[in-house]
Amino acid sequence: SIDLNGLEIINYVLGAEDNIKDAIVGGTDCVTAQPGQFILIGAIDDALSNGNLAVDGVADGLSFYNTAPGVVEIKHEGVLIDEATYPDAGDGHSLSLRPGELTAVQNDTKTNFCVSETEGNYEGYGTPGSVNLCGPACGDSNGYRQVNSPAAGDLVVTEIMANPDSTDSGWEWFEVYVAGS
């Protein structure tokens, strides 16, 4: 395991390295991480004020630029641990490193990030504290997972209710047969 206390989180707009935002993971409680674990560091540890997030550690003053591509660096005692280049952020959507790109080299390329479409984990779109998902996602008994999308020919429309009795509002439906494997 490793402790994250004392990590410096540096953020700046790509191409404007002199405009820096800086935060330190602090507190007296250890912020310990195990291999393979996703750790969530937030600006504050108050679920009522941070979008209903349960954070593992706090970096006072944590703030990211959201109108331009950016760079985030993680340093410990002046040593660069990792650097990631990310694209513009959309309102309320996190930027997720694609699941197949989980290396300190792959996160240097902003096109390896996607806009998260997963909702329900907190008051926004993203998968904080768990595996990143790109594109549509759904929840089941094991948590959130990538949608297993059908291919052409996997579904066949077999029945349609286009004109129900009384009102049409909310009474229409259609049936599909799953022809794929």
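Structure's up top.
Residues numbered from 1 in each chain as written. Predicted model: local features only at pLDDT ≥ 70, side-chain atom pairs only at ≥ 80, totals over all residues. Heavy atoms only, no water.

Comments concerning the overall build of the protein
Stage number 1. Each helix and strand in the protein was counted, giving zero helices and 16 strands.
Stage number 2. Its C-alpha atoms give the protein a radius of gyration of 21 Å, clearly above 16 Å, the size a compact globule of 181 residues would have.
Stage number 3. Put simply, the protein has 181 residues, and 26% of those count as buried.
Stage number 4. Taking as baseline every contact in the protein between residues at least 6 positions apart, the subset at least 24 positions apart corresponds to 39%.
Stage number 5. A total of about 11,500 Å² of accessible surface is found on the protein, and carbon and sulfur atoms cover 53% of it.
Stage number 6. Of the charged side chains in the protein, 5 are positive and 28 negative; the average position of the first set lies 9 Å away from that of the second. (Helix = DSSP H or I, 4+ residues; strand = E, 2+ residues; numbered from the N terminus. Rg over C-alpha atoms; globule rule 2.2 N^0.38 Å. Buried < 20%, exposed > 50% of the residue type's maximum accessible area, 1.4 Å probe, protein only. Contact = heavy atoms within 4.5 Å. Areas by Shrake-Rupley, 256 points an atom, 1.4 Å probe, with all protein chains shown as cover. Lys, Arg positive; Asp, Glu negative; His and termini not counted. Charge placed at Lys NZ, Arg CZ, Asp CG, Glu CD.)

Some points on the pairing of strand β14 (residues 143-146)
Stage number 1. Two elements, strand β13 (residues 137-140) and β14, share four bridges in a ladder whose sense is antiparallel. Among the inter-strand pairings, C138 is bridged to a residue of β14, identified as R145.
Stage number 2. Between β13 and β14, which follow one another and run antiparallel, lie two residues. (Pairing = 2+ DSSP bridges.)

Description of the sheet that holds strand β5 (residues 41-42)
Stage number 1. Spatially, the six strands line up as an open sheet ordered β5-β6-β3-β2-β7-β8, and their pairing is mixed. Since the sheet does not close on itself, it has two edges, and those belong to β5 and β8 (79-86), each with one partner.
Stage number 2. In terms of strand pairing, strand β2 (residues 8-13) meets strand β7 (residues 70-76) through six bridges, oriented antiparallel. Bridge pairing in β7 links E8 to K75.

Concerning a nonpolar patch on the surface
Stage number 1. There is a patch of nonpolar side chains on the surface, built from L155, V157, I160, F174, V176 and V178 and spanning about 580 Å² of accessible area.
Stage number 2. Elements with a minimum of two residues in the nonpolar patch: β15 (155-161) and β16 (173-178).
Stage number 3. Assignment of secondary structure puts F174 in strand β16. (Patch = residues over 30% accessible without salt bridge, like charges linked within 9 Å, V, L, I, M, F, W, Y side chains within 5 Å. Salt bridge = Lys/Arg side-chain N within 4 Å of Asp/Glu carboxyl O.)

Observations regarding the pattern of salt bridges
Between side chains of opposite charge, a pair can form as their charged atoms come close.
Stage number 1. Evaluated as defined, the whole model comprises one salt bridge.
Stage number 2. With a shortest N-O distance of 3.8 Å, K75 and E73 are connected by a salt bridge.
Stage number 3. On the basis of relative accessible area, K75 is assigned to the partly exposed category, the value being 22%.
Stage number 4. Here E73 falls in the buried class, since its relative accessible area comes to 10%.

Some thoughts on the nonpolar core
One broad trend across soluble globular proteins is that nonpolar side chains are buried collectively.
Stage number 1. In terms of nonpolar packing, the biggest core is built from 13 residues, with I9, V25, A59, L62 and V72 touching the most fellow members.
Stage number 2. Mapped onto this core, the elements with two or more residues apiece are β3 (16-25) and β8. (Core = buried A, V, L, I, M, F, W, Y, C linked by side-chain atoms within 4.5 Å.)

So, the side chain of D82
Stage number 1. Relative to the helices and strands, D82 resides in strand β8.
Stage number 2. For D82, which is buried and forms no salt bridge, the nearest opposite charge comes from K75, at a distance of 12 Å.
Stage number 3. In this structure the side chain of D82 is engaged in a polar contact, spanning 2.7 Å, whose partner is the side chain of N107.
Stage number 4. Non-local contacts of D82, meaning those with residues more than four positions away in its chain, are made with V72, E73, I74, A104 and N107. (Polar contact = N/O pair within 3.5 Å; in protein donor to acceptor, adjacent residues only side chain to side chain.)

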